[in-house]
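Structure assessment
Spelled out from the first residue to the last, the chains are:
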Amino acid sequence: MLYFNRLQAIVTAYFSKLQRPINPQKFIACIDGFRFFAIFTVCLLHLNNYYGRSINYDYYQGVKEINSCSWFINRCGLGVELFFAISGFVIALPFFMHYLEGTKRPSLKSYFMRRITRLEVPFLLSCLLIYIAYIVVSQLNFFNEIGHLLSTMTYTHVFFYGNWPPFNPVTWSLETEIQFYIIAPWLIRFLFMGNNNIVRYIKMLLLAAITLFLKSRHAEMQTLHLHFSILSFLHYFLVGFVIAELYIRRKEFLNKRHIIWDAIGIYCFYALFKYAWISNQTYFCISLLFLFICIFKGPFLNWICTRKFIYIVGGMCYTIYLLHYPLLHFTGKLTSSIHFFDSYYQNLMIQALLLLPLILIICSVFFILIEKPCMDKNWPQKLWILLKKIKQSNS
């Protein structure tokens, strides 16, 4: 019993270190909870892809059979679009507060410096480590492939190569995110020019309509290397804009919960899978909008998203997103030969039970050592002071 208590205390203490730094007045737990479901679906998709390839199974088999396991799992890439909508909400919120509530205008210098100091160290370090591992495992020449590394580190790989990076394909979406971060302040300023609500809504609808059209022209956009650009994905971020305005102007509406919103939210989550692969993404965006509303208004959905484990892991999603794909390929070699059932999907769930906790543990170390310190906006100054003290002590 004493051993169990000590173990529980160690686990509790370690888990508490995974809580990202928050401002209690601004923290919205259900948003991090929503991030959990976004990263979980993405991890499940890539686990399916890796495991299917490792045992020579056609994981697209049955993908057209509606409501089959294959139909659901192969559409789990929709987690990326969830991330885009969440980013739209988070980035828009302080700017919308300024335009709608008259709060202090966000400083563009602080905005961009925050993006750099918060995101770049984990991103660049992960790129370098994963690239080195990729070169060693694939027995390639470091410098022959370095164009992939440099273009990935500068968020231009898709623009130059027309496809995702071979050593960590998931980083394509970060290129889209960066494009959004760059244009967001001016995009929001454009929306609020004239200070007329109707005009603003018309602008948002027109922008959504344009990018929905461009998204449907995938082949032409791919020829131009723009199929993964903000031009094809802006409508998902605009969903976050709508939620940001609701959160500011209709918070009492979002906070008034009723079980009917749980039913709507569960159906909308299902609808995301239904419309995920349809070229016209209008219904997908509508479903995403209502699902986003339902994580606030649905008692059950809100309860799930505000469980401590869920929102803490959701708060680690950036690290998990950066590392999960290569980690699946490295750790999966240890478990891919384990088969307990004749069914592929039953064995896939065994793989998930074995690998996803292991990947979470590895990611938690990277999060504590690398990403979490970067969440302190003053870390560059603190690092500089520390280096000066070290230099003085050695002189």
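Scroll up to find the structure this text is about.
Read on for a plain summary of the structure.

**Considerations on a nonpolar patch on the surface**
Residues Leu 128, Ile 132, Val 136, Val 137 and Phe 330 make up a contiguous nonpolar surface patch of roughly 420 Å² in combined accessible area. Looking at the nonpolar patch, the element that brings in the most residues is helix H5 (residues 108-138), giving four residues. Mapped onto the fold, Ile 132 is located in helix H5. By relative accessible area, Ile 132 is classed as partly exposed at 37%.

**Here we look at the packing of aromatic side chains**
For the structure shown, the criterion picks out 46 aromatic pairs. For the ring pair Phe 83 and Tyr 321, a centre distance of 5.9 Å and an interplane angle of 75 degrees mean the geometry is edge-to-face. One end of the pair, Phe 83, is in helix H4 (residues 79-101); the other, Tyr 321, is in helix H17 (residues 317-335), and 238 residues separate them in sequence. Taken individually, Phe 83 and Tyr 321 each receive the classification buried, so the pair is uniform in this respect. Ring geometry for Tyr 134 against Phe 167: centres 6.3 Å apart, planes inclined by 45 degrees, an arrangement best described as tilted. Residue Tyr 134 is found in helix H5, and its partner Phe 167 is found in the loop between helix H7 (157-161) and helix H8 (172-192); the two are separated by 33 residues along the sequence. Residue class for Phe 167 comes out buried when judged on its relative accessible area of 4%. The ring of Phe 190 is capped by Lys 203, whose NZ or CZ atom sits 4.6 Å from the centre of that ring. Here Lys 297 stacks its cationic end above the ring of Phe 253, 4.1 Å away from the centre of that ring.

Rules used throughout
- Residues numbered from 1 in each chain as written.
- Predicted model: local features only at pLDDT ≥ 70, side-chain atom pairs only at ≥ 80, totals over all residues.
- Heavy atoms only, no water.
- Patch = residues over 30% accessible without salt bridge, like charges linked within 9 Å, V, L, I, M, F, W, Y side chains within 5 Å.
- Areas by Shrake-Rupley, 256 points an atom, 1.4 Å probe, with all protein chains shown as cover.
- Salt bridge = Lys/Arg side-chain N within 4 Å of Asp/Glu carboxyl O.
- Helix = DSSP H or I, 4+ residues; strand = E, 2+ residues; numbered from the N terminus.
- Buried < 20%, exposed > 50% of the residue type's maximum accessible area, 1.4 Å probe, protein only.
- Phe/Tyr/Trp six-rings, centres within 6.5 Å; stacked < 30°, edge-to-face > 60°.
- Lys NZ or Arg CZ within 6 Å of the ring centre and 35° of its normal.

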